[in-house]
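Here is how the chains run, residue by residue.
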There are 2 protein chains.
Amino acid sequence: MLATILHGPGDVRYEDVAEPGILKPTDAIIKLSATCICGSDLWPYRGLETVNAPRPMGHEYCGVVVEVGSDVKTVRPGQFVVGSFATSDNACPHCRHGFQSSCEQREFMAGAQAPYARVPLADGTLVATAEMPADDLLPSLLAVSDVLGTGWYAADAARVRPGSTVAVVGDGAVGLMGVLAARQMGADRVIIMSRHKRRQELALEYGATDIVTERGDAGVARIKELTGAVGADAVLECVGTSESMHQAIDAARPGGSIGFVGVPHGVELGGQYLFFSQKNLLGGPAPVRRFLPQLIDLVLSRRINPGKVFDLELPIADVAEGYRAMDERRAIKTLLRV
Amino acid sequence: MLATILHGPGDVRYEDVAEPGILKPTDAIIKLSATCICGSDLWPYRGLETVNAPRPMGHEYCGVVVEVGSDVKTVRPGQFVVGSFATSDNACPHCRHGFQSSCEQREFMAGAQAPYARVPLADGTLVATAEMPADDLLPSLLAVSDVLGTGWYAADAARVRPGSTVAVVGDGAVGLMGVLAARQMGADRVIIMSRHKRRQELALEYGATDIVTERGDAGVARIKELTGAVGADAVLECVGTSESMHQAIDAARPGGSIGFVGVPHGVELGGQYLFFSQKNLLGGPAPVRRFLPQLIDLVLSRRINPGKVFDLELPIADVAEGYRAMDERRAIKTLLRV
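It should be emphasised that the depicted structure is a prediction, and the values quoted were computed from it without experimental measurement.

**A look at the packing of helix 4 (residues 138-157) of chain B against helix 10 (residues 288-300) of chain B**
Residue and element names in this part refer to chain B. Across the interface, helix 4 lies against helix 10 with an axial gap of 9 Å and an inter-helix angle of 120 degrees. Classified by the angle their axes make, helix 4 and helix 10 are oblique. Judged by the sense of rotation from one axis to the other, the crossing of helix 4 with helix 10 is right-handed. On the side of helix 4, the interface is formed by Ser140, Leu141, Val144, Ser145, Leu148, Gly149, Thr150, Trp152, Tyr153 and Asp156, while helix 10 contributes Val288, Arg290, Phe291, Leu292, Gln294, Leu295, Ile296, Leu298, Val299 and Leu300. Split by residue class, the contact of helix 4 with helix 10 holds 13 nonpolar, five polar and two charged.

Structure representation (structure tokens):
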């Protein structure tokens with residue numbers, strides 16, 4: 001089959017690869033209904049992460065099971081499933097504590113920007129829907145698999161509660177999903193940092209109440225001003241740079257919480273800085289599996305529409321253009337039709 | 001009067017200074033019933049913090065109010081009071097959220113290794129007892145002011161719950177108080193890292209269930225072994241070095257929490273390290289004021305005996321020997337009789 005391979009910075013190709021097959025009795029093979037490009041795919045695409053060998057890309061997926069290994073019990077061929085970008089047995093102590101993305105058997109999905117993908121630990125990773133979902137729900141179900149799950153985790157890790165004042169650092173797809181999540185969790189006020197018109201509009205649509213266009217210290221000062229000099233109760237860090245991380249920490253009130261989900265690049269935090277900031281910090285790869293049943297239900301009942309975050313849709317053969325569009329910020333997030 | 005002044009590394013003197021007086025209408029002057037030396041006093045004493053000018057030492061205190069400023073309403077001369085090492089108005093938004101040590105008006109106490117001390121923001125900082133406490137309770141009431149309050153905060157920040165498995169990094173006075181706090185909060189298991197016999201014994205007396213003598217990676221491996229390869233639910237970091245901080249983070253399970261109260265010196269944490277560790281982190285100067293009423297009550301009703309942490313008692317004139325004894329680890333904590 002053809003699949004997406006990154007050969008080096010800026011060099012992504014849709015090319016011939018071996019079709020995935022069952023390698024372990026806990027595997028499943030799915031035929032993807034749709035797939036997409038993640039903000040985190042841009043790190044290696046931009047040369048900010050080393051690519052030593054051709055890398056199969058893609059870790060967000062939903063689709064129909066076509067084959068399962070002999071140990072798989074909870075999903076079967078023909079079922080529509082959504083899974084997490086981090087596979088999990090959903091049984092180890094970390095999984096039972098709700099941190100499936102730190103599962104003892106965790107693997108990170110790869111190769112899902114393709115028509116077929118192998119999903120390890122199928123029983124603990126995939127959630128099947130009762131019936132085949134309507135076509136128009138596919139973008140939203142695909143979003144659940146990572147971008148919504150990650151924004152949701154950012155809000156969860158930042159301890160958003162009914163009535164919270166929330167700040168979101170980053171107007172990428174994850175940040176926008178963070179806005180949606182914070183509102184679903186009952187936040188009163190959701191301030192997003194953005195200077196990009198289309199992203200601002202989508203943020204408002206997802207429930208943002210305030211937009212801050214300033215950055216760095218000026219951005220923090222503006223958030224302080226908007227919160228009566230107090231700072232936000234909860235801050236969602238959805239970028240991963242040193243500037244965004246410090247901005248997020250500085251924007252929270254003492255005792256407030258930062259959920260950080262942007263994969264950090266070049267971030268170092270000083271001990272005394274963290275100490276005297278006196279703020280809760282929790283980040284990491286999102287344990288999407290914990291949220292899957294709830295998020296799938298919110299989508300199927302049409303209470304949320306995370307799929308709107310895809311503002312570019314391309315046939316998967318044009319995947320290279322999808323990367324370019326996101327790299328140049330012409331697109332927020334690219335959906336690939338397979 | 002005579003008071004304790006640090007002139008430089010290793011050079012602490014009990015010498016003549018001006019007696020404290022009311023500087024602001026929110027001040028109180030107290031006559032100390034007892035005072036003590038803090039582990040954090042050893043940083044400048046050891047030359048690990050620069051001392052540019054003679055520094056009045058001491059920030060832990062309890063005693064009797066002798067004078068109050070014109071705006072002070074809740075305490076009056078003759079009352080026995082306990083206060084926090086961080087002063088607070090107990091009214092600003094941060095105080096109302098329970099983070100009085102980040103109060104908008106915070107000052108850090110100084111000069112309390114002396115017969116008299118000025119306490120700024122008396123109304124928001126001091127808690128008076130209903131009557132004069134028994135003499136034998138003074139060490140424990142003094143402990144409430146910082147060392148117990150800080151150990152308690154470490155356990156609170158690390159989210160110790162009934163049934164938790166807890167690890168304590170550091171067998172200094174704060175670590176030992178952390179053991180006491182974790183048990184009071186219902187921890188099932190409290191593992192302390194210590195290789196010092198007297199401290200181990202006191203830890204066991206305060207409720208530690210396991211002692212780990214290994215350090216660094218070996219210490220982490222031992223904690224993992226003791227917790228069925230999972231890691232601790234809650235870790236109390238009570239030292240402040242790079243090694244202890246990494247040890248604390250590594251000893252927690254994914255999704256677990258680290259409460260760090262050792263003032264960090266030379267600590268830098270990598271963003272990806274924190275991200276992939278996926279653990280809650282909260283530290284800072286303890287908001288002792290939040291805990292004062294509860295902790296005073298636990299002491300007065302003799303349900304806890306934090307005062308046992310003082311294993312050396314000296315007349316305050318011998319304060320220099322008190323510092324030496326703690327520096328050389330001959331004493332866990334020195335109480336100074338005034």
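**A short note on helix 6 (residues 197-205) of chain A**
Residue and element names in this part refer to chain A. All of the buried residues along helix 6 are Arg199, Gln200, Leu202 and Ala203. Angular distribution of buried residues about the axis of helix 6 spans 165 degrees; they occupy a single face of the element. Opposite the packed face of helix 6, turned more than 90 degrees from it, sit the exposed residues Lys197 and Glu205. In the segment just after helix 6, Gly207 is the residue with positive phi, at about 115 degrees.

**Some thoughts on the UniProt feature "domain: Enoyl reductase (ER)" (unreviewed entry) in chain A**
Under the local residue numbering, the UniProt record ascribes the feature "domain: Enoyl reductase (ER)" (unreviewed entry) to residues 8-336 of chain A. Within residues 8-336 of chain A, the helical portion is 31% and the strand portion 24%, while the C-alpha atoms at the span's ends are 21 Å from each other.

**Considering the pattern of salt bridges**
Per the counting criterion, the structure on display carries 42 salt bridges over all chains. In this structure, Asp210 of chain A and Arg189 of chain A form a salt bridge, with 3.0 Å as the shortest nitrogen-oxygen distance. With Asp210 of chain A in strand 11 (residues 210-212) and Arg189 of chain A in strand 10 (residues 189-193), this residue pair connects regions lying 21 residues apart in the sequence. Accessibility expressed as a relative area gives 16% for Asp210 of chain A, which makes it buried. Its relative accessible area of 26% is what places Arg189 of chain A among the partly exposed residues. A salt bridge links Glu225 of chain B to Arg222 of chain B, with the nearest nitrogen and oxygen atoms 2.8 Å apart. Separated by three residues within a single helix, Glu225 of chain B and Arg222 of chain B lie in helix 7 (residues 216-226), roughly one turn from each other. One salt-bridge network, in which partners are shared between bridges, spans Glu321, Arg324, Glu328 and Arg330 of chain A.

Basis of the calculations
- Residues numbered from 1 in each chain as written.
- Chains lettered and ligands numbered in written order.
- Predicted model: local features only at pLDDT ≥ 70, side-chain atom pairs only at ≥ 80, totals over all residues.
- Heavy atoms only, no water.
- Axes fitted to C-alpha atoms, helices over the stretch in contact; angles between N-to-C directions.
- Helix = DSSP H or I, 4+ residues; strand = E, 2+ residues; numbered from the N terminus.
- Parallel < 35°, antiparallel > 145°, perpendicular 65-115°, else oblique.
- Left-handed = near helix turned anticlockwise from the far one by under 90°.
- Contact = heavy atoms within 4.5 Å.
- Nonpolar A, V, L, I, M, F, W, Y, C, P; charged D, E, K, R; others polar.
- Buried < 20%, exposed > 50% of the residue type's maximum accessible area, 1.4 Å probe, protein only.
- Arc of directions from axis to C-beta.
- UniProt positions renumbered as here; feature names shortened; annotations may be inferred.
- Salt bridge = Lys/Arg side-chain N within 4 Å of Asp/Glu carboxyl O.

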